[in-house]
Amino acid sequence: MYVERIPNRNSPPAILLRESYRDGNKFRRRTLANLSHWPPARIEALRCVLRDEAVAPAEQDALTLLRSLPHGHVAAALGTLRKIGLDRVLSQGGMQPRREVALCIAMIVARLIDPASKLATARGLADDTATSSLGQVLGLGPVDEQELYEALDWLVGQQQRIERALARRHLEHGTLVLYDVTSTYFEGRTCPLAKRGYNRDGKRHKLQIVFGLMCTAQGCPVAVEVFEGNVGDPSTLASQIEKVKQRFGIAHIVLIGDRGMITEARINETVKPAGISFITALRAPAIHSLVDAGSIQLSLFDQRDLAEVSSPDYPDERLIVCRNPLLADERSRKRRELLDATEQDLREILARVRRAKRPLRGKEKIGLALGAVINHYKVGKHFDVKITDADLTFERKTEQINAEGLLDGIYVLRTDVKPAILDAAGTVRAYKNLATVERAFRSIKTVDLEVRPIHHRRAQRVRAHVQLCMLAYYLEWHMRQVLKPILFDDHDSAAAEAARTSIVAKAERSTAGERKVATKRTDDGLPVHSFRSLIADLATVTRNTMTISKVEDATFVLYPKLTATQQRAFEILAVPMNCCQ
């Protein structure tokens, strides 16, 4: 920001308060205020302030700080949102109501920089209770939570249009599409979506909702759908295929889902009839059947970790068998520990049965005690237990345990994609990309966006809330891709992938990524951040509203000098500090 004197041929020179900003690869300038009516002494005093020089103006001309609000994180998030065109997607090129669009943009950015309830968000946006500059730079004026709820109602009504726009950007005919579901617990009991079901959060006493996320092969979210909390994973698949074919207008995709999602029944009843290709994995019983039938020869993996086989049970399909030695060791260790823990529980019951004083007697009582612990660790099938009225004996089924151990580290991918389109290594790589959906769930549910706790009563409000979190993650995903050089994310993953000797083995960091993690410093000496800590760092950049006493219309905005890390972040994002509309 600087003061510039512009000569005029037929009138006194104009004195303008201006600033430079970056627009892509170009530097541009814009005028913030016309100071031509100011006295020369006051203009010179302002020049000194902008140059960070000492100044002692007369009392009547003293500078006053009217308001200082956290701003850097707002500028980074809002600037990126506009840069990727998410505001244009919401507004449909200006065709949608401006107030609702502005409030939804505010809620998306607020969810990213400081996730909170709608009441807290409304207070953080309002002028008199603002916790950041977001409400000011969007020009929202007075905001209350009821307005935010009404904006959510508008947003959920636009969900199909918004997802179509995102699909046009990121999906095309024949593309790879990742799909997975998760659940999150629910506060309250009046919402019709909240049901008891398989709880992934360890909150068995709470109701929950289920939502499915559709992403590109790189993990960029495209669509989300909320289901009742007792819906099974495979039951959500039909609506997603219909969404792709009917709403998005894409005739053919390769759908990638885990073994619990794309099951045998869903393949035969839903996926194949729709003309959709798929990549999934086989369950353990199916793998055992292939080994018993001789379709999988374990000796194949003496010198390799990947082999493609066929089986008459899977006509016109490919089976890609992988063996990961590290995964084999981990499963063996885990089984051994679970067996030891279960055996310890059984010994405690045996001690109760055989103690001299008040022993546990009767088949029913011993059976009840046994039932409480035998399958606690899900390995009861590996014990042979015999109960009498006065005794209990047990032993491990060693032969069965050893037979199961032979398949440790082995998993089988199943696909109908032709080798000319996607080879065996490419198929494994595509399936492993499901980890990016899990990363999205982690971000949405916990570390970054905090979708819970959910207190909404109406089903449409719950759907709108989850959609809002998905759009916030869409913004976060794009920011992360650009900010990788100063985050702990591996910014040279392409080099690591090129140097990778086996697609089955665990992915390794690149040399540059390892160095960054080890030193906690970037190559240019800056501290490395997590995404959350970088947002907190940028929040220390304030937007300061200044005025000069006893001068009308002499209000202007000042920004502090950025630290090296903050400067680097804005350079990478290529967004301006002044993000006012």
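S.K.: Even after reading the chapter, I still don't get the overall build of the protein, so can you show me in this structure?
M.R.: Along the backbone of the protein there are 21 helices and 16 strands. Here the C-alpha coordinates of the protein stretch approximately 105 × 65 × 50 Å along the principal axes. Within the protein, contacts between residues at least 6 apart in sequence are counted, and of these 66% link residues at least 24 apart. Computing the positive centroid from 86 side-chain charges and the negative centroid from 70, the protein places the two 2 Å apart.

S.K.: Looking at this structure, I do not really get a positive patch on the surface. What am I missing?
M.R.: A surface patch of positive charge is lined by Arg352, Arg355, Lys357 and Arg358. With respect to the helices and strands, Lys357 occurs in the loop between helix H12 (325-354) and helix H13 (363-371).

S.K.: Explanation requested: the sheet that holds strand S16 (residues 555-558) in the structure shown.
M.R.: The strands making up a sheet associate through backbone hydrogen bonding, with each pair oriented either parallel or antiparallel. The 3 strands lie next to each other as S4-S15-S16, forming an open sheet whose pairing is antiparallel. The open sheet has two edge strands with one neighbour each: strand S4 (63-70) and S16. The mean angle between the axes of side-by-side strands here comes to 25°, regardless of whether they run parallel or antiparallel. Pairing of strand S15 (residues 542-548) with S16 involves 4 bridges; the strand directions are antiparallel. Counted as the bridge partner of Asn544 is Leu558 from S16.

S.K.: Whenever I open this one, the packing of helix H4 (residues 98-113) against helix H7 (residues 145-157) confuses me. Can you help?
M.R.: The relative placement of two packed helices comes down to the angle between their axes together with the axis-to-axis distance. In contact at an axis separation of 9 Å, H4 and H7 are set at 100° when each is read in the N-to-C sense. Judged by the angle between their axes, H4 and H7 are roughly perpendicular. Note on element contacts: H7 touches H4 through Glu147, Leu148, Ala151, Leu152, Trp154 and Leu155, opposite Arg99, Glu100, Val101, Leu103, Cys104 and Met107. Partitioned by chemical class, the residues of the contact of H4 with H7 number 9 nonpolar, no polar and 3 charged.

S.K.: Is there a simple way to think about the pairing of strand S10 (residues 306-309) in this case?
M.R.: Sheet faces and side chains relate simply in a regular strand, where the side chains alternate between the two faces. Residues Ala307 and Val309 line the buried face of S10, whereas the alternating positions Leu306 and Glu308 sit on a face that is not buried. Pairing of S10 with strand S11 (residues 318-323), which is carried by 4 bridges, proceeds in the antiparallel orientation. From the neighbouring strand, Glu308 faces S11, where its bridge partner is Ile320.

S.K.: Sorry, what's going on with the sheet that holds strand S3 (residues 26-34) here?
M.R.: Ordered in space as S1-S2-S3, the 3 strands form an open sheet in which the pairing is antiparallel. The sheet is open, and its two borders are formed by strand S1 (2-6) and S3, each paired with just one other strand. Neighbour to neighbour, the strand axes of the sheet diverge by 45° on average, direction disregarded. Where strand S2 (residues 14-23) and S3 come together, 8 bridges link them in antiparallel fashion.

S.K.: Please clarify how the pattern of salt bridges should be interpreted in this entry.
M.R.: Working definition: two side chains of opposite charge can pair if their charged atoms are close together. Applying the stated criterion to the full structure yields 35 salt bridges. Note that Arg414 and Glu264 form a salt bridge whose closest N and O atoms lie 2.6 Å from each other. Placement of Arg414 in strand S14 (residues 410-415) and of Glu264 in helix H10 (residues 264-271) is noted, with a sequence separation of 150 residues between them. Among the residues examined, Glu264 registers a relative accessible area of 40% and is labelled partly exposed. The partner of Arg318 in a salt bridge is Glu308, with the nearest N and O atoms 2.8 Å apart. You can see Arg318 sitting in strand S11 and its partner Glu308 sitting in strand S10, a full 10 residues away along the chain. Under the relative-accessibility criterion, Glu308 is labelled partly exposed at 40%. Through salt bridges with shared partners, a single ionic network connects Asp448, Glu476, Arg480, Asp489 and Arg532.

Scoring rules and cut-offs
Residues numbered from 1 in each chain as written. Predicted model: local features only at pLDDT ≥ 70, side-chain atom pairs only at ≥ 80, totals over all residues. Heavy atoms only, no water. Helix = DSSP H or I, 4+ residues; strand = E, 2+ residues; numbered from the N terminus. Contact = heavy atoms within 4.5 Å. Lys, Arg positive; Asp, Glu negative; His and termini not counted. Charge placed at Lys NZ, Arg CZ, Asp CG, Glu CD. Patch = residues over 30% accessible without salt bridge, like charges linked within 9 Å, V, L, I, M, F, W, Y side chains within 5 Å. Areas by Shrake-Rupley, 256 points an atom, 1.4 Å probe, with all protein chains shown as cover. Salt bridge = Lys/Arg side-chain N within 4 Å of Asp/Glu carboxyl O. Pairing = 2+ DSSP bridges. Axes fitted to C-alpha atoms, helices over the stretch in contact; angles between N-to-C directions. Parallel < 35°, antiparallel > 145°, perpendicular 65-115°, else oblique. Nonpolar A, V, L, I, M, F, W, Y, C, P; charged D, E, K, R; others polar. Buried < 20%, exposed > 50% of the residue type's maximum accessible area, 1.4 Å probe, protein only.

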